[in-house]
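In case you want the letters, here they are:
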Amino acid sequence: MPADDVPADGAGAPGPGLPEVVDRETWEAARAELLLEEKAHTRAGDALAAKRRRMPMLEVDGDAEVVGADGPVPFRSLFEGRDELLVYQHMWWDGAPHQGQCEGCTMTAWHLHDATYLRAAGVSFAILTTGAWEEVAPFVAFMGYTEPWFSVRETAPPIGGDMGYLQCYVREGDRVFLTYAITGRGTEISDPTLALLDLTAFGRREAWQDMPAGRIAERDACWFWRTDVDGNPTWGPTGRPAAQWTRPGATAQTTLGRTGMHH
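Residues numbered from 1 in each chain as written. Predicted model: local features only at pLDDT ≥ 70, side-chain atom pairs only at ≥ 80, totals over all residues. Heavy atoms only, no water.

The name that an unreviewed UniProt entry assigns to the protein is DUF899 domain-containing protein, with the source organism given as Brachybacterium paraconglomeratum.

Structure representation (structure tokens):
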């Protein structure tokens, strides 16, 4: 039977909750109709980006001390001689072992494993965290991160302070300015897994999503960010942020070890 044909007797009909089966002409018409909305969404995003480029700036202390692999350095040095800097501010659980660290921030940092193309475009990149450097350094080594990390535990906001943000800075000589910051779902731009799931028939399988009748999505938000050693989603003490199971020496655990303050 030709691939474009649909059985008249309903043979091969999809299971409950899946979209209806149509012929190729009908499918392409539906795709073209949706594409018009997608293009409008893209243009609306372009317009928002233009507004971001026109936002006022906030001057920050370029001499503010941050601590990295080479010890204390001024925040200005993170630009590495470039005019722009993008940072992600990674939350931290004081005193927690690797498996107890922030699963959402782990997801973001894992997607930002290599900033080669940012640097090629003239934008330096770093990850900041309020964790003490003596705790952060072994975590970075365990995760295999090669992008620079810095502790901003003793650094005033907006460089330090609340975490979970993407921030953009620009430098003019020795002066440093904050141009943009976003948190919450605004950081999803750095997590392409989420955008890719949004392309699929079942999306993120989370209860908040608008789903067609009969299509079940009852999971809590972020349900797959932690898994156990067998790959089963769990937010219990036997789970780790999913990316950690790829790391040498990652073993099953029985505790998250979250006994300190979450920053």
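(A) Region of the structure containing the pattern of salt bridges. Going through the model one piece at a time under the given rule, you end up with 15 salt bridges. In this structure, Glu80 and Arg82 form a salt bridge, with 2.9 Å as the shortest nitrogen-oxygen distance. Judged by its relative accessible area of 46%, Glu80 falls in the partly exposed class. Classification of Arg82 as partly exposed rests on a relative accessible area of 24%. Residues Asp198 and Arg204 are paired through a salt bridge, measuring 2.9 Å at the closest nitrogen-oxygen approach. Taking the relative accessible area as the measure of exposure, Asp198 reaches 39% and is therefore partly exposed. Residues joined by salt bridges that share partners form a network here, namely Glu80, Arg82, Arg119 and Glu147. (Salt bridge = Lys/Arg side-chain N within 4 Å of Asp/Glu carboxyl O. Buried < 20%, exposed > 50% of the residue type's maximum accessible area, 1.4 Å probe, protein only.)

(B) Representation of unusual backbone geometry within the structure. The omega torsion of the bond from Pro157 to Pro158 falls at 5 degrees, within 30 degrees of zero and hence cis. Tracing the backbone through its elements, the reader meets Pro158 in the loop between β6 (149–151) and β7 (166–172). In this model, Cys222 sits at a positive phi of 70 degrees, which is unusual for a non-glycine residue. Within the secondary structure layout, Cys222 lies in the loop between α5 (192–198) and β9 (226–227). (Helix = DSSP H or I, 4+ residues; strand = E, 2+ residues; numbered from the N terminus.)

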